[in-house]
Amino acid sequence: MAAHKCSYSALLLIICSLSRFFVADSQETTLTGDNHAAAVDNPQTATETAGQTAEQPAVEERLWEATEEATPDDADTDKQDTSTPETTVPSSVPQPKDDFQEELVIRPLHSGDIYTSFQFRTLWETDFMRGNKVSHYRLFPKSLGQVISKFSVRELHISFTQGYWRTMQWGQPFLPSPPGAELWVWFQDSVTDVDGTWKELTNVLSGIFCASLNFIDSTNTVQPSASFKPLGIGNVTDHRFLRYATLPREIVCTENLTPWKKLLPCGSKAGLAVLLKSEKLFHSSFHSQAVHIRPVCQDWQCKTTSWELRQTLNVVFDLHTPGQGKREWSLFKMFSRTLTEACPLASSSKIYIDITDNPQGEQFEVSPATPLLSQAMVLGDRRTFSVYDLTQQITFGTVRSLNLLIRWKSSEGDMLRPLLHGERYVAGYGLQTGEIHTLMYNNHPYRSFPVLLLDSVPWYLRLYIHTLTVASKGKDNKPSYIHYQPSKDRVRPHLLEMLVQLPPNSVTEVTVQFERALLKWTEYTPDPNHGFYVGSSVISSLVPSIVAMDTNSTREQPLFSSFFPCKEESSYFVRVYTEPLLVNLPTPDFSMPYNVICLTCTVVAVGYGSLYNLLTRSFQIEEPSPGLAKRIANIIRKMRGVPPL
């Protein structure tokens, strides 16, 4: 009986094994048949997928050959040639939803300084506003993505600047910024408590960037009505959802640069970020780092949108030493490092050197030389650049290191004056009243254009708005638009916006008188005699351009030329910041408490101490001590056993 049960069990085990084998075989046959049917339905998919690896080098070679053309007339033809192989990419291949690009622009200035501008752009095709929780971050930093989704941010622009940009010596920067810290944010129209959200956002950003943004409150926050429009694709311009604030006394140092570099996909380990060495960057005449977040169009028809994170860093190095008798610079001299590779996560990594003022190589010589040239519209002027593509191994040569070097041959040549320039200063005497003067220069020889002036003045400078005067060429210049919001003590600052027409080749002066307020002794800074800072004025305008602007923002072009949108071909957008003001307020003598404490302690120690000694000390009559001879005699008599004298 036992043998029968064993044979029966073995038979069941064999049957189960055979059934599993046949089921697996049938599934494999079905999968193979499905794949074969798909290949029959789409015969190009298999061949294109197999030949994708073979086609990629050819595409890169064609792109490399196309960029070698230096004439602008063949630019459109080159782009059409390079776009032809891209159309053969099969639709079944999933395209990445995020992209990262990095650039470095180097411009030799006529003053002998070197202007370097780093541009890092991250594009991500996602939507933070639909309530979907985004959990996977690849290139876009998670900390900023959570800030956008939590606080319903539509646009965010923040900058930290050390130094003042000298427009008359250096020209216009690619991205302007005022000294200190600047923050302006557009919120979504779904935000109900904008002020509360703004306060929480500043505290979070203060922790992310290790800055003093938590000092931003209602006393230094304004709501501009016309000066700061959205730079993205947003159509809603309700200024109730806009907040703008500055901290002109903010000091920028290494602790602000470190978290800024950590937002990059490659950090400071590879790519252009390797050059960001703090001890070199802060040993410069001007340093500015910024973060800009905005929604942009994914294609030229704007059917899909993406979020753009643009990190910029602008530095001006003073490398000209007249005593040495030579004028040259290199990457190693500026940053103490050279480039060895591009960021592996970057789809584009390039270095641009501005050679517009050196067409024949008469002023300076660049080595190693490159045959790649590029032309771009920058601030209304067509500029020519030498291009170094870091994604190509031929750029680094046999030594696998790139150290760009410029040797100056001649220092001749004049810089064209900027068409728009602004200055600001405080006039008057005493500590009761004063005047704020704002000068706006229109250096265009024959065209006038309107400018929008924004002034944010703290509440402790009480403006007399009836004394406001605007004069050009000795005549009154009546503004066509004025928006003024008076201040409230310890609640909000003054806000003044004006639209003024600047005559050609003129200086327009805006003057307003103010009165200094008395602060409470707890409202003074630790160094009140240093003074109180007033933020820079903001001048925005569409400046006339000689060269027509390209209105196609989706066409391939350098990052530094495509930040501010421009719709009119005859003008380009410019934003200028004036100097911050340093105003002295009536300051009490904070040394008086110290003097009072010292006097009180002296009186107590002398008066009360003497009285206490007289009341508590006991007096006793003390016999006079014997002379020296008598003491010696007593010692001798004691040794002899004789009683003392």
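An unreviewed UniProt entry annotates the protein as GPI transamidase component PIG-T originating from Perca fluviatilis.

Quick look at the overall build of the protein now. Helix and strand counts for the protein come out as eleven helices and 26 strands. A burial count over the protein gives 43% of its 645 residues as buried. Restricting to contacts in the protein with at least 6 residues of sequence separation, those with at least 24 account for 76%. By element, 55% of the accessible surface of the protein is carried by carbon and sulfur atoms, the whole surface being about 35,200 Å².

Let's shift gears to the layout of surface pockets. Its volume calculated, the second largest pocket comes out at about 940 Å³. Considering the residues around the second largest pocket, the lining is formed by 31 residues, among which Phe215, Asn220, Leu247, Tyr460 and Tyr533 are closest to the centre. Looking at the lining of the second largest pocket, the elements that each hand over two or more residues are strand S6 (242-247), strand S17 (449-457) and strand S23 (532-534). Grouping the constituent residues of the lining of the second largest pocket by class yields 17 nonpolar, nine polar and five charged. Structurally, the lining of the second largest pocket is a two-domain feature, drawing no fewer than three residues from each of domain 1 (98-408) and domain 2 (420-583).

Here we come to the sheet that holds strand S11 (residues 364-367). If you walk across this open sheet you meet the three strands as S9-S14-S11, and the pairing is antiparallel. Edge strands, defined here as strands with exactly one partner in the open sheet, are strand S9 (328-330) and S11. Taken pair by pair, the neighbouring strands of this sheet meet at an average axis angle of 10°, ignoring direction. In this sheet, strand S14 (residues 405-408) lies alongside S11 in antiparallel orientation, the contact comprising four bridges. Each residue of the ladder has a partner; that of serine 367, found in S14, is leucine 405.

Right, let's talk about a nonpolar patch on the surface for a bit. Residues Val604, Tyr608 and Tyr612 make up a contiguous nonpolar surface patch of about 350 Å² in total accessible area. By the element assignment, tyrosine 608 lies in helix H10 (residues 592-616). Judged by its relative accessible area of 56%, tyrosine 608 is exposed.

Paired through their backbone hydrogen bonds, the strands of a sheet run either parallel or antiparallel. Taken in spatial order, the five strands of this open sheet run S15-S16-S22-S18-S19, and their pairing is antiparallel. At either margin of the open sheet sits one strand with a lone partner, and together these are strand S15 (420-427) and strand S19 (475-476). Here ten bridges tie strand S16 (residues 433-442) to strand S22 (residues 506-516), and the two strands are oriented antiparallel to one another. Residue pairing for S22: glycine 434 is matched across the bridge by phenylalanine 514.

Tallied over the full model, the rule gives two disulfides. Residue cysteine 266 pairs covalently with cysteine 343 via a disulfide, S to S 1.8 Å. Across the S-S bond of cysteine 266 and cysteine 343 the torsion is about 70°, and the bridge reads as right-handed. With cysteine 266 in the loop between helix H7 (254-262) and helix H8 (278-281) and cysteine 343 in the loop between helix H9 (331-335) and strand S10 (348-354), this pair connects stretches of sequence that are 77 residues apart. Both residues of the pair, cysteine 266 and cysteine 343, count as buried. The residue that forms a disulfide with cysteine 297 is cysteine 302, at a sulfur-sulfur distance of 2.1 Å.

Next up on the list: the packing of helix H4 (residues 142-151) against helix H6 (residues 194-209). Running from amino to carboxyl end, H4 crosses H6 at an angle of 175°, the nearest separation of the two axes being 11 Å. Between H4 and H6, the angle falls in the class roughly antiparallel. Facing Ser143, Leu144, Val147 and Phe151 of H4, the residues of H6 in contact are Thr197, Glu200, Leu201, Val204, Ile208 and Phe209. Broken down by class, the residue content of the contact of H4 with H6 amounts to seven nonpolar, two polar and one charged.

Moving on, we come to H4. Restricting attention to buried positions, one finds in H4 the residues Leu144, Gly145, Val147, Ile148 and Phe151. All buried residues of H4 lie within an arc of 160° about the axis, which places them on one face of the element. In this structure, the buried residues of H4 make contact with strand S3 (153-162), strand S4 (180-187), H6, strand S7 (286-297) and strand S8 (305-318). Count one or two residues on from H4 and you reach serine 152, which has phi positive near 55°.

Burial within strand S13 (residues 381-389) is extensive, with seven of its nine residues counted as buried. Note that S10 and S13 share five bridges and pair antiparallel. Residue pairing across strands places isoleucine 353 opposite serine 386, the latter belonging to S13. As paired strands, strand S12 (residues 373-378) and S13 are joined by six bridges and run antiparallel to one another. Within the sheet, the bridge partner assigned to serine 374 lies in S13 and is phenylalanine 385. Where S12 hands over to S13, the hairpin turn is made up of two residues, of which leucine 379 adopts a positive phi near 55°.

Attention now goes to the packing of aromatic side chains. Across all of its chains, the model carries 21 aromatic pairs by this definition. Ring centres of phenylalanine 118 and phenylalanine 335 lie 5.8 Å apart, and the angle between their planes is 75°; on these two criteria the pair is classed as edge-to-face. Remark: phenylalanine 335 occurs in helix H9 and phenylalanine 118 occurs in strand S2 (residues 113-124); sequence separation between them is 217 residues. Under the relative-accessibility criterion, phenylalanine 335 is labelled buried at 0%. Taken together, the ring pairs connect Phe100, Phe118, Phe120, Trp260, Phe317 and Phe335 into an aromatic cluster. If you follow lysine 150 out to its NZ or CZ, it ends over the ring of phenylalanine 151, 5.7 Å from the centre.

Cis geometry is adopted by the peptide bond preceding proline 368, which originates at serine 367 and carries an omega value of 0°. Summarising the element assignment, proline 368 is placed in the loop between S11 and S12. One non-glycine residue, lysine 473, adopts positive backbone phi at about 55°. Within the secondary structure, lysine 473 is located in the loop between strand S18 (461-472) and S19. Unusually for a residue other than glycine, arginine 490 sits at a positive phi of about 65°. Inspection of the secondary structure assignment puts arginine 490 in the loop between strand S20 (481-485) and strand S21 (494-502). For arginine 490, a relative accessible area of 34% corresponds to the partly exposed category.

Moving on, we get to the side chain of threonine 395. Relative to the assigned elements, threonine 395 resides in the loop between S13 and S14. Threonine 395 gets classed as buried once you look at its relative accessible area, which sits at 13%.

By the definition in use, this model includes 13 salt bridges. With a shortest N-O distance of 2.6 Å, arginine 240 and aspartate 238 are connected by a salt bridge. Owing to a relative accessible area of 22%, aspartate 238 belongs among the partly exposed residues under this scheme.

Reading guide: rules and limits
Residues numbered from 1 in each chain as written. Predicted model: local features only at pLDDT ≥ 70, side-chain atom pairs only at ≥ 80, totals over all residues. Heavy atoms only, no water. Helix = DSSP H or I, 4+ residues; strand = E, 2+ residues; numbered from the N terminus. Buried < 20%, exposed > 50% of the residue type's maximum accessible area, 1.4 Å probe, protein only. Contact = heavy atoms within 4.5 Å. Areas by Shrake-Rupley, 256 points an atom, 1.4 Å probe, with all protein chains shown as cover. 1 Å grid on protein atoms, 1.4 Å probe; cavity = no way out; pocket = protein on both sides within 12 Å on 5 of 7 lines; lining within 4 Å. Points joined across faces, edges and corners; volume = space filled by probe spheres on them. Nonpolar A, V, L, I, M, F, W, Y, C, P; charged D, E, K, R; others polar. Domains from an automatic or database assignment. Pairing = 2+ DSSP bridges. Axes fitted to C-alpha atoms, helices over the stretch in contact; angles between N-to-C directions. Patch = residues over 30% accessible without salt bridge, like charges linked within 9 Å, V, L, I, M, F, W, Y side chains within 5 Å. Salt bridge = Lys/Arg side-chain N within 4 Å of Asp/Glu carboxyl O. Disulfide = S-S within 2.5 Å. Parallel < 35°, antiparallel > 145°, perpendicular 65-115°, else oblique. Arc of directions from axis to C-beta. Phe/Tyr/Trp six-rings, centres within 6.5 Å; stacked < 30°, edge-to-face > 60°. Lys NZ or Arg CZ within 6 Å of the ring centre and 35° of its normal.

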